[in-house]
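Close look at the chain arrangement
The lines below spell out each chain.
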Amino acid sequence: MLHLNRCQHLKRVIQKCFASIHVKTDKHTQLFLSRTFALAELRKSWHSISSLVGDKNIILMGPPGAGKTTVGRIIGQKLDCCVIDVDDDVLEKTWNMSVSEKLQDVGNEQFLEEEGKAVLNFSASGSVISLTGSNPMHDASMWHLKENGIIVYLDVPLMDIVSRLKLMKTDRIVGQNSGTSMKDLLKCRRQYYKKWYDTRVFCESGASPEEVADKVLNAVKRYQDVDSETFISTRHIWPKDCEQKVPAKFFSEAVIEGLASDGGLFVPEKEFPKLNCGEWKSLVGATYIERAQVLLEKCIHPADIPAARLGEMIETAYGENFACSKIAPVRHLSGNQFILELFHGPTGSFKDLSLQLLPHFFAHCIPPSCNYMILVATSGDTGSAVLHGFSHLNKNDQKRIAVATFFPENGVSDFQKAQIIGSQKENGWAVGVLSDFDFCQTSIKTIFKDSDFTGFLTVEYGTVLSSANSINWGRLLPQVVYHASAYLDLVSQGFISFGSPVDVCIPTGNFGNILAAVYAKMMGIPIRKFICASNQNHVLTDFIKTGHYDLRQRKLAQTFSPAIDILKSSNLERHLHLMANKDGQLMTRLFNQLEEQHHFQIEKILVEKLQQYFVADWCSEAECLAAIHSTYNTSGYILDPHTAVAKVVADKMQDKTCPVIISSTAHYSKFAPAIMQALKIKEINHTSSSQVYLLSSYNALPPPHEALLETAKQQEKVDYQVCAADVNVLKSHVEKLVQNQFILKVSE
């Protein structure tokens, strides 16, 4: 049966994996297998209690005025099933009086108890049930209902609800006391709705009941079809071409595994979900957290992460950890240029937007009690962000998930190095490598593809390897949110109306950030051009202009913008795969050629397709410093070197016929020496920490980053490891770290 595919597939893959290791399974292996199979069985049971087959109910939940009763009747007609309105068919029949009379008779608190008791004594099957607006405030009755149905949240814009209640002449609802406005009470109610729903129907302003009913049926169908949203490798060979193909994965598996076994990257097998114009407009007034939940729910199947749990993760990730309540605000710089500030997270870079959330994805998706070692290559900012993110999981998850981050010992700024090293915790380590970022990234991919080594770690230590770089789909996906949110902020602030085009200009190295903007466009954000901004390592700019990706005789240059000092751009493979209509055979040929011959050329038709939306240029070191200096002089705003690279390229390439959103990927404090050189500050030889403090004394925008100032205060010298540029040496370090985390600590 279709609904068994997930558990059967997991069993087959794990059995095949261990069969290829060529070693006798011991207690570690048996334990790992039993736990993995147990997870597969959980998926099977999850489906069996959620399927709307026979005696299960569709339960409509939402505030008063959401249209639950009307929509329920339409769905009942479409499905030819019983329709139950809790107000009319349960409460009033139980009490022999109207709901308003009961509320007046017993008061708010007692009403909720009486309502809950009535629902607990009610049961139905194969029906459409329309709840009252206050049902979700009674836990026991909601658990009772949830056992036998799918709870669908009708998420209607708040102002639509207020308008409808006025038309209905409803001036008081359950829980409303004197002095409390209807709008404030409805906002408060949302915390109860998001606790219970299995799937959300996002209702744009003015949607008809018939349209909402169709959305409900589509949402229920998606919820039931647990095998509908799968991921394939960019090097996936379709059956018509070859019988041997990498099987599709689910979101949770793509997150856990990080890199596909054939060396490719995971991408959705089907198209990205798309919001219509009305749905986007309904998000204009939403908070970043609300936007994130709506968008990520559409991209993550509830079989992988239930909606309520996803909401908890998002609130934890973007709550107190961010210095700015808007999370990723947009600031007008000058003319048609806007700055998307992505540095308000705990480590001061755009990596926080993903790496505060990915650890929660990962901890939820891995099998219970299994151990995982996360390997990360960093060009500067990822290292501290990933160490911070995984160190803030709960204690139990920290015991089973550890992180090793590898950075180029001489290829990051002094402040970045201090930040990475200072971010080491009980479950996270930093390792300096005597080479560049490309070596670190390639080495990690090589380790993942070494089945003998990964199998040895699993059998000997009960530990599985994974990644938190942007090669991991769970790391890339949250970045889509801030590109969409930036556009919505421009609409909210009145700079544009929804539907007007914008360009985005992004400092680009590994292609993940700009690819996330492509995905935002696929979801319905009207981005006109993607402007790829390179520094002196401009292999991507050359590729976009010519279609020739050429690393021959190209040496990595160290620049003021180290996070984009990259020559092998991993996520480019995902974009080429998309443009080439998911031609896995072509991706395999191109990227094998890149490894073996250090270059490849794409066909003219693909070059033209790429250039339809992409333009690119690069920025010299002198231009970078000049942009920092001139921007500060004219606007009082300090750009970090990466943002300066993007501004220089935006000035060159953007035609000023529409707004351009420039991604500011890091706070300038992380690159104090370059900033001081650009601003011609004489005290340039001061220590890294004193430079940060000196810059913070300037009355400039953006304001000083308090977490980075705290990092600058740290005087204690922290030990870390340094290793040679040799994959076998890196393997040895990985094994020692696994022993330290999962064997020695346990024995203590």
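Residues numbered from 1 in each chain as written. Predicted model: local features only at pLDDT ≥ 70, side-chain atom pairs only at ≥ 80, totals over all residues. Heavy atoms only, no water.

In the annotation of an unreviewed UniProt entry, the entry for the protein chain reads Threonine synthase-like 1, and the organism field reads Vicugna pacos. As stated in UniProt under Sequence similarities (unreviewed entry), the record for the protein chain gives "Belongs to the threonine synthase family." Reading the Cofactor (unreviewed entry) entry of the UniProt record for the protein chain gives the comment "pyridoxal 5'-phosphate". (UniProt positions renumbered as here; feature names shortened; annotations may be inferred.)

One can find Asp651 in helix H30 (residues 641-653). As a C-alpha pair, Asp651 and Cys505 span 146 residues in sequence and 10.0 Å in three-dimensional space. When sequence neighbours within four positions are dropped, the list of residues in contact with Asp651 reads Gln337 and Lys656. Only 2.7 Å separates the side chain of Asp651 from the side chain of Gln337, close enough to count as a polar contact. (Helix = DSSP H or I, 4+ residues; strand = E, 2+ residues; numbered from the N terminus. Contact = heavy atoms within 4.5 Å. Polar contact = N/O pair within 3.5 Å; in protein donor to acceptor, adjacent residues only side chain to side chain.)

This part covers the packing of aromatic side chains. The tally for this structure, following the rule as stated, stands at 25 aromatic pairs. Ring centres 5.5 Å apart and planes at 90° place the aromatic pair Tyr487 and Phe498 in the edge-to-face group. In this pair, Tyr487 is assigned in helix H23 (residues 478-492) and Phe498 in the loop between H23 and strand E14 (502-507), connecting sequence segments eleven residues apart. The same class applies to Tyr487 and to Phe498, which are both buried. Put simply, the rings of Phe231, Phe251, Phe272, Phe361, Trp473 and Tyr519 touch in pairs and so form one group of aromatic residues. (Phe/Tyr/Trp six-rings, centres within 6.5 Å; stacked < 30°, edge-to-face > 60°. Buried < 20%, exposed > 50% of the residue type's maximum accessible area, 1.4 Å probe, protein only.)

Under the present numbering, the feature "modified residue: N6-(pyridoxal phosphate)lysine" (unreviewed entry) in UniProt falls on Lys351. Residue position: Lys351 is located in the loop between strand E9 (337-341) and helix H15 (352-355). Contact partners of Lys351, with chain neighbours within four places excluded, come to Asp381, Thr382, Ala385 and Arg475.

So, on to empty space enclosed by the protein. Counted according to the given criterion, the structure contains four cavities of 30 Å³ or more. Quantified by volume, the largest cavity comes out at close to 270 Å³. In terms of lining, the largest cavity is formed by 23 residues, of which the most central are Phe350, Lys351, Asn510, Ala563 and Ile566. When its residues are assigned to classes, the lining of the largest cavity shows eight nonpolar, 13 polar and two charged. Computed from the structure, the second largest cavity encloses a volume of approximately 50 Å³. Taken together, Pro63, Tyr153, Asp155, Val156, Leu158, Ile161, Leu186 and Arg190 form the lining of the second largest cavity. Sorting the residues of the lining of the second largest cavity by element identifies strand E4 (149-155), helix H8 (158-167) and helix H9 (182-196) as the ones contributing at least two each. Here the residues of the lining of the second largest cavity are counted per class, giving six nonpolar, no polar and two charged. (1 Å grid on protein atoms, 1.4 Å probe; cavity = no way out; pocket = protein on both sides within 12 Å on 5 of 7 lines; lining within 4 Å. Points joined across faces, edges and corners; volume = space filled by probe spheres on them. Nonpolar A, V, L, I, M, F, W, Y, C, P; charged D, E, K, R; others polar.)

The next subject is the side chain of Gln293. By secondary structure assignment, the location of Gln293 is in helix H13 (residues 288-299). Separated by 3.2 Å, the side chain of Gln293 and the backbone oxygen of Ala307 make a polar contact. Look past the residues within four positions of Gln293 in its chain and what remains in contact with it is Tyr197, Arg200, Ala307, Gly311 and Ile314.

Scanning the entire structure with this criterion turns up 27 salt bridges. Here Asp198 and Lys146 are joined by a salt bridge, their closest N and O atoms 2.7 Å apart. Linking Asp198 in the loop between H9 and strand E5 (199-202) with Lys146 in helix H7 (residues 139-146), this pair joins segments that are 52 residues apart in sequence. The class of Lys146 is partly exposed, set by a relative accessible area of 21%. Residue Asp489 pairs with Arg291 through a salt bridge whose shortest N-O separation is 2.9 Å. Of the two residues, Asp489 is situated in helix H23 and Arg291 in helix H13; the sequence distance between them amounts to 198 residues. Like Arg291, Asp489 is buried. Counted as one network, the salt bridges with shared partners bring together Asp155, Arg200 and Glu297. (Salt bridge = Lys/Arg side-chain N within 4 Å of Asp/Glu carboxyl O.)

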